[in-house]
Amino acid sequence: MRSTGFRRTYVAIGVCSALALAATACGSSDDDAANGKTRITVNCEPPKSAKVDRTFFEADVASFEKKNPDIDVVTHDAFPCQDPKTFDAKLAGGQMEDVFYTYFTDAGHVVDINQAADLTPYLKELKSYGTLQKQLRDIYTVDGKVYGIPRTGYSMGLIYNRKLFQKAGLDPDKPPATWEEVRADARRIAALGGGTVGYADYSAQNQGGWHFTAELYSQGGDVVGPDGKKATIDTPEGHAVLQNLHDMRWTDDSMGSKQLLVINDVQQMMGSGKLGMYLSAPDNIPILVKEKGGNYKDLALAPMPGGKGTLIGGDGYMFNKKDSPAQIRAGLKWLDHMFLTPGSGFLGDYARAKQSDAPVGLPEPRLFTGAADAKDQQVKKANANVPVENYQAFLDGNQRLRMKIEPPNAQQIYSVLDGVVSAVLTKKDADIDRLLEDASGKIDSILARS
């Protein structure tokens, strides 16, 4: 599933309007604009409804063009940054921007269908490339060739309510590190009564399958085998995930009676102070505060329970296969300026974000390494306006976890796994063995068709 690509709660995509398409395609192989400049179209500009983000984005594009007067940047916006329903059609129809947004999970697919430019010969134009985390760079590397540049990343963790932990007699500075401890703590929190729920999980709109995957990774398992051809959910680890959910729901009654929840439901529960724990990425925290009534001081983040792995995701930019060398060089310069210079740019100007009351200091996974990382963290710390101590456990624990991206054909697989999770949470007598066996067959069919 997806984390937000912006500092607050919005994500945007560049999509040509019908009117624009009548005049020109979004992507272009002509690098000479009428004024003789190298022209590039880019997407994922924040929508007008995200006024602060849009202002920042436009200001950064303007400063880039002033610094590079030979480059003309044409931005496109819409919501979301990448719409799965139209993404392939835009690629196939030659309507994709010159520099276009992708989720990590789509990088290999874009290369497979031969719609991405090979950036390898031009990497020297990207000053930041060597400072980026290798595991993130590798997502856009296929057969030794680089086809994209990572821009942001996230990893899943456990958000918990410090106030409820204290009220239940638990130490808020020692969050649960195993699923057994999650179960025990959830039981004590639910025992507070008054509609309090100890632990909540998603089980609809593919979100249940997403969380099953994250929980499976935390147990050391995987959804698909290394060859990408067979499901690997019908395993002791897969059984452990479902049995734990079943026992919390039906034996402990620590998950509440209302199920088939999606992210908005769970966020509302946490923001209202009625939920002890749920899985999420760090970007949920400002949503809980600004939209759901939560308080930063009450919200903390721990690493994924289980200690063996965590699901990571994120996004980056790829380049249209029709791009000219001049457009590729211009696009790489734009990425450096906008997103990949520590302590500055759209996502890294922490001083500007603080002045606009945007959260600074959230424990996003680090994009950079070495001196670049040190500078980025120094500037972030100097401008922090959230209780960073509440996230230290997450930062420390993540260093020991195996980082894994979502499986291939993720959304189709999540749809299958949704049914498994929802059955366990809505039917006390759900047959876990049968559910995993049936789901494995369906996933094998999906993989065979891909």
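All figures in this text were calculated on a predicted structure; none of them were measured in a lab.

Asks: Got a minute to help me understand the sheet that holds strand β7 (residues 157-161) in this structure?
Replies: Hydrogen bonds along the backbone pair up the strands of a sheet, which may run parallel or antiparallel. Read across the open sheet, the four strands follow the order β8-β9-β7-β10; overall the sheet is mixed. Each of the sheet's edge strands pairs with one partner strand only, and the pair in question is β8 (197-199) and β10 (299-303). If you compare each strand with its neighbour and ignore which way they point, the axes differ by 25° on average. Pairing of β7 with strand β9 (residues 275-280), which is carried by four bridges, proceeds in the antiparallel orientation. Looking at β9, one finds that Gly 157 is bridged to Ser 280.

Asks: So what exactly am I meant to see when it comes to the pairing of strand β11 (residues 309-319) here?
Replies: Counting buried residues along β11, 11 of its 11 residues qualify, which places the element largely inside the surrounding structure. Here five bridges tie strand β3 (residues 99-103) to β11, and the two strands are oriented antiparallel to one another. Residue pairing in the sheet places Tyr 101 in a bridge with Tyr 317 of β11. Bridging between strand β6 (residues 148-155) and β11 involves seven bridges; their strand directions are antiparallel. Within β11, the position partnered with Gly 148 by the bridge is Met 318. Bridge count between β11 and strand β12 (residues 402-404): three bridges; the pairing is parallel. Bridged to Gly 309 within β12 is Arg 402.

Asks: How do you make sense of the nonpolar core when you look at a structure like this?
Replies: The nonpolar side chains of a soluble globular protein tend to be buried with one another. Among the nonpolar cores identified, the biggest contains 73 residues, and Tyr 199, Phe 212, Ile 233, Leu 245 and Met 277 are the most heavily contacted of them. When residues of this core are assigned to their parent elements, the largest contribution, 10 residues, is made by helix α17 (residues 410-426). For Ile 233, the contacting residues outside a window of four places in its chain are Phe 212, Leu 216, Asp 222, Val 223, Gly 238, Leu 417, Leu 436, Ala 439, Ser 440 and Ile 443. Formed by 52 residues, the second largest nonpolar core is a distinct cluster that contains Val 42, Leu 119, Phe 339 and Ala 372.

Asks: So what exactly am I meant to see when it comes to a negative patch on the surface here?
Replies: A surface patch of like charges, here negative, comprises Asp 234, Asp 429, Asp 431, Asp 433 and Glu 437. Its location among the elements puts Asp 431 in the loop between α17 and α18 (432-449).

What counts, and where the lines are drawn
- Residues numbered from 1 in each chain as written.
- Predicted model: local features only at pLDDT ≥ 70, side-chain atom pairs only at ≥ 80, totals over all residues.
- Heavy atoms only, no water.
- Pairing = 2+ DSSP bridges.
- Helix = DSSP H or I, 4+ residues; strand = E, 2+ residues; numbered from the N terminus.
- Axes fitted to C-alpha atoms, helices over the stretch in contact; angles between N-to-C directions.
- Buried < 20%, exposed > 50% of the residue type's maximum accessible area, 1.4 Å probe, protein only.
- Core = buried A, V, L, I, M, F, W, Y, C linked by side-chain atoms within 4.5 Å.
- Contact = heavy atoms within 4.5 Å.
- Patch = residues over 30% accessible without salt bridge, like charges linked within 9 Å, V, L, I, M, F, W, Y side chains within 5 Å.
- Areas by Shrake-Rupley, 256 points an atom, 1.4 Å probe, with all protein chains shown as cover.
- Salt bridge = Lys/Arg side-chain N within 4 Å of Asp/Glu carboxyl O.
- Lys, Arg positive; Asp, Glu negative; His and termini not counted.
- Charge placed at Lys NZ, Arg CZ, Asp CG, Glu CD.

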